[in-house]
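Chain by chain, the residues run as shown.
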Amino acid sequence: MTDEKRPEWFEEASSDQFTSFVKKGIENHQNKKNNNPALRFKKKKNIELTIEELAEGVQSGSRTILAKAITLIESNAEHHFKKAQELLQLLLPKSGGALRIGITGVPGAGKSTFIEAFGTFLCKAGHRVAVLAVDPSSSISGGSILGDKTRMEQLAGNPKAFIRPSPSGGKLGGVHRKTRETMLLCEAAGFDVILVETVGVGQSEVIVRDMVDFFMLLVLTGAGDELQGMKKGIMELADAVIVNKADGLNKDAAEKTRHELNRILHFLQPATRGWATRAYTCSSINFDSMPKIWGLLSDFKEETTKTGVFKERRRMQSKEWINSMITDQLQMSFFHNPEVKRLLPMIENEVLSGTRPVASGVDELFNVFLKSNK
Ligand SMILES: Nc1nc2c(ncn2[C@@H]2O[C@H](COP(=O)(O)OP(=O)(O)O)[C@@H](O)[C@H]2O)c(=O)[nH]1
Ligand SMILES: [Mg+2]
């Protein structure tokens, strides 16, 4: 593949172990047009932006360069990893300034519609809003937020907003690290509110809870039975439970649900020390509810800053981040190790054919790995 046809996310050693790889293009009129030297230069320049140029571009608020920097961070290639870390090192002093908000709820709860309304409201109030998504299934489904972009049309076109779909995790490294680092980049780019949407399917809520200051659960109006069935665990992660779609004929039912939820929440452990998690009603199709939700978030920030809980949570999150990074790094260096790569298929065969216990195979792999790192 020639350089000018190579997209910036192209992995040199690309094979089916990467989440994406590049097929040879088909020559057509469109491709021929790209032989224009001016265009070729422009493309090349984009690929070769230095770390300093990226850092400067991000800080200048350029959404295009921010997107490129995020692409670098999301790359699964080892040499991109190094460059990305150097970029983060440069930008770290400029990060940390945003209010980080996680939003979860079952598909259909109205998360994307809420983000569209809330994000647009915030932009009008002078904020700059970045929307990220954590969707561990995105490498399979293509990412929910992409499909949802139609529901975020207004926000997507707003120059004060930036929307980025979920990174695909691949086998190595995780959505986890990538989203956290992307958050830092967005902060360095001057975004002061970060909304992280995640689908309510088990583990992703816990991951997002660990990277945000405030976590909200969007629910629908439901009968008491449904509320009883709702996982207590998820309610205990939330700083607010929002009964969405409180409009039209649904208004009274939403109000009733709010009361029932408050009764349940009363008995649960709050997610944040000193902050009582409560239920609120909201309609994402009219803007009336938005000032109330923002007021709630502002109160939270003020209250937890006063008590030191806000800072303390960020400290704990950084510690937890170190742990999960160590796990990621170990995994990456293990599976990239040439000796491990050579031996793994053989051991897999032995285990699958029933001639070798799993633990013994893994033990041999670790011995080989540790020896080769000496
Ligand atoms: N009436 C009403 N409909 C809503 C509201 N929020 C979302 N919806 C609708 O609910 C459906 C699912 O919303 P969506 O934002 O895609 O949910 P998500 O899967 O949680 O992101 C869409 O058809 C929305 O138009 C609301 O506040 N009121
Ligand atoms: Mg959605």
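Refer to the structure presented above.
Conventions used here
Residues numbered from 1 in each chain as written. Chains lettered and ligands numbered in written order. Predicted model: local features only at pLDDT ≥ 70, side-chain atom pairs only at ≥ 80, totals over all residues. Helix = DSSP H or I, 4+ residues; strand = E, 2+ residues; numbered from the N terminus. Expected span 1.5 Å × (residues − 1). Buried ≥ 20, exposed ≤ 12 C-beta atoms within 10 Å, placed from the backbone. Near = placed C-beta within 6 Å. Nonpolar A, V, L, I, M, F, W, Y, C, P; charged D, E, K, R; others polar. Pairing = 2+ DSSP bridges. Axes fitted to C-alpha atoms, helices over the stretch in contact; angles between N-to-C directions. Contact = placed C-beta atoms within 7 Å. Core = buried A, V, L, I, M, F, W, Y, C linked by C-beta atoms within 7 Å. Domains from an automatic or database assignment. Parallel < 35°, antiparallel > 145°, perpendicular 65-115°, else oblique. Left-handed = near helix turned anticlockwise from the far one by under 90°.

1. Brief notes about helix α18 (residues 358–372)
Step number 1: Between its first and last C-alpha, α18 extends 21 Å over 15 residues, near the 21 Å set by a 1.5 Å rise per residue.
Step number 2: Within α18, only 0 of the 15 residues are buried, leaving the element largely exposed.

2. Section: the site of ligand 1
Step number 1: What surrounds ligand 1 is a group of 16 residues, the closest being Gly110, Lys111, Ser112, Thr113 and Ser284.
Step number 2: Here the shell around ligand 1 takes 3 residues from helix α6 (residues 111–124), the largest share from any one element.
Step number 3: Here the shell around ligand 1 is built from residues that sort into 3 nonpolar, 8 polar and 5 charged.

3. Focus on the sheet that holds strand β7 (residues 278–281)
Step number 1: Strand order in the open sheet formed by 7 strands is β3-β2-β4-β1-β5-β6-β7, with parallel pairing between adjacent strands. Edge positions in the sheet fall to β3 (161–164) and β7, since each has one partner strand and no second. Across the sheet, the axes of successive neighbouring strands diverge by a mean angle of 25°, strand direction being ignored.
Step number 2: Bridge count for strand β1 (residues 99–105) against strand β5 (residues 214–219) is 4 bridges, and the pairing is parallel. Residue pairing for β5: Ile103 is matched across the bridge by Met216.
Step number 3: Contacts from α6 reach β1, β2 (129–134), β3, β4 (193–199) and β5 within the one sheet, and its direction differs from that of β4 by about 175°.
Step number 4: Strands in contact with helix α14 (residues 251–265) are β6 (240–243) and β7; relative to β7, the strand with the most contacts, it is inclined by about 170°.

4. Here's the deal with the pairing of β2
Step number 1: Of all 6 residues in β2, 6 are buried, a share of seventy percent or more.
Step number 2: A two-sided burial pattern is seen for β2, the buried positions comprising Val129, Val131 and Ala133 on one face and Ala130, Leu132 and Val134 on the other.
Step number 3: Note that β2 and β4 share 6 bridges and pair parallel. Its bridge partner lying in β4, Leu132 is registered against Val196.

5. Focus on the nonpolar core
Step number 1: With 68 residues, the main nonpolar core has Val58, Ala69, Leu185, Ile194 and Met216 as its most contacted residues.
Step number 2: Counting only domains with at least three residues in this core, you end up with domain 1 (3–91) and domain 2 (97–306).
Step number 3: Apart from residues no more than four positions distant in its own chain, Met216 is found in contact with Ile101, Ile103, Ala238, Asp239, Ala240 and Ile242.

6. A closer look at the pairing of β1
The two faces of the sheet receive side chains in turn, since in a regular strand these alternate between them.
Step number 1: Among the 7 residues of β1, 6 are classified as buried, and the element is accordingly described as predominantly covered.
Step number 2: The pairing of β1 with β4 spans 7 bridges and is classified as parallel. Paired with Leu99 across the strands is Val193, a residue of β4.

7. Describing unusual backbone geometry
Step number 1: A positive phi angle is found at Lys245, which is not glycine, with a value near 65°.
Step number 2: For Lys245, the location among the structural elements is in the loop between β6 and α14.

8. Some points on the environment of Val134
Step number 1: Within the secondary structure, Val134 is located in strand β2.
Step number 2: The sequence separation of Val134 and Val196 amounts to 62 residues, and the corresponding C-alpha distance is 7.0 Å.
Step number 3: When near neighbours in sequence (up to four residues on either side) are disregarded, Val134 contacts Ser166, Val175, Thr179, Val196, Thr198, Ser204, Ile207 and Val208.

9. Observations regarding the packing of helix α4 (residues 63–74) against helix α5 (residues 78–91)
Step number 1: Running from amino to carboxyl end, α4 crosses α5 at an angle of 130°, the nearest separation of the two axes being 8 Å. Relative to α5, the element α4 is oriented oblique. In this structure, the crossing between α4 and α5 has a hand that is left-handed. For the pair α4 and α5, contact is made by Ala69, Leu72 and Ile73 and by His80, Lys83, Ala84 and Leu87, respectively.
Step number 2: Among the residues making up the contact of α4 with α5, the classes are represented as 5 nonpolar, 1 polar and 1 charged.

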